[in-house]
Amino acid sequence: TPDRAIMFCCCVAEVQGPVAEVNVTPIIQGDVQPDTSSTKVEVAAETKEEATVAVPVPEFGTFTVDLPMFDGNMGLVLDVVDATRGPMISKIDHGAIKSFNEKNPSQAVQVYDRICEFEGVKSSLEIQQKMRSGKPSDSVKMTISRPKKVEVQIKKTGPMGLKLDFKSNSEGAVISEIMTSGHIATWNESNIEKVAAGDRILSLNDKLMKGVQLMDEMKSATNLKLLILKYP
């Protein structure tokens, strides 16, 4: 089974393996949650003209990116181990999104953002297929979910009580299910920040790990400090 990481780059074409190519350049417009309002300021008192000030995207939450089509590439590497909730951005290479981020730092798309909808489709497979199709369009729209980082510390004396989805090259592992008993269930009972299905374990004891390595280390470690990406 191929590892679920995909690079989206220039030129729409039939591709082999896990590489898909699209032609888009991103511009983020309004429609930012939870703050959906736009702040307006006067450009000059004598002209009474107004200009809309760009609304920064949230540090944690969901927002929409509107991408006009052009001859270029997005420059995204995607981790698609989560088949139902959409791919996660694992790397931003040279391309339209990197250029946009440099010009619009308050609205920058980031590594670990998850694309939870792209042109009306939501699963990782459908999103990949939509990006690969390269059908002519004036613009495309995607909804992005931005996580917050939560630290969970556990002294392991029994089962963790969770199921994980991962691949050899996935960024950590995605939590697919929380059991009713185990260390994670105990953590959830006594902490405000609950661990939930869809969250991703990114690192163990301050070390970023790929999926297989993370599983091996979690089995052998007794004291676990987990860095978890918690999505809205």
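The shown structure was predicted, so the numbers you read here are calculated from the model rather than taken from an experiment.

**Student:** Would you mind going over the pattern of salt bridges with me for this structure?
**Tutor:** It is possible for side chains of opposite charge to pair when their charged atoms get near one another. Under the counting rule described, the total for this entry stands at ten salt bridges. Two residues, Arg85 and Asp82, come together in a salt bridge whose shortest N-O distance is 3.4 Å. Measuring nitrogen to oxygen at the nearest pair gives 3.5 Å for the salt bridge that ties Asp93 to Lys91. On the accessibility criterion, Lys91 (44% relative accessible area) is partly exposed.

**Student:** Could you clarify how one ought to interpret the nonpolar core in this entry?
**Tutor:** Soluble globular proteins tend to bury their nonpolar side chains together. Core analysis: the largest hydrophobic core is formed by 21 residues, its most contacted members being Val152, Met160, Leu164, Ile201, Met218 and Leu226. In this view, Val152 contacts Trp187, Val195, Leu224, Lys225, Leu226 and Ile228; residues no more than four positions away in its chain are not counted. Ranked by size, the runner-up nonpolar core spans 19 residues in total, among them Val65, Leu67, Ile97 and Val140.

**Student:** Please clarify how helix H1 (residues 96-103) should be interpreted in this entry.
**Tutor:** Counting along an α-helix, one turn takes 3.6 residues, and residues three or four places apart therefore face a common direction. Of the residues making up H1, those classed as buried are Ala96, Ile97, Phe100 and Asn101. Buried residues of H1, seen end-on, are gathered within an arc of 135° and therefore sit on one face of the element. Across H1 from its buried face, at more than 90 degrees, point the exposed residues Glu102 and Lys103. Those residues of H1 that are buried lie in contact with strand S6 (76-79), strand S7 (88-92) and strand S9 (139-146).

Criteria and cut-off values
- Residues numbered from 1 in each chain as written.
- Predicted model: local features only at pLDDT ≥ 70, side-chain atom pairs only at ≥ 80, totals over all residues.
- Heavy atoms only, no water.
- Salt bridge = Lys/Arg side-chain N within 4 Å of Asp/Glu carboxyl O.
- Buried < 20%, exposed > 50% of the residue type's maximum accessible area, 1.4 Å probe, protein only.
- Core = buried A, V, L, I, M, F, W, Y, C linked by side-chain atoms within 4.5 Å.
- Contact = heavy atoms within 4.5 Å.
- Helix = DSSP H or I, 4+ residues; strand = E, 2+ residues; numbered from the N terminus.
- Arc of directions from axis to C-beta.

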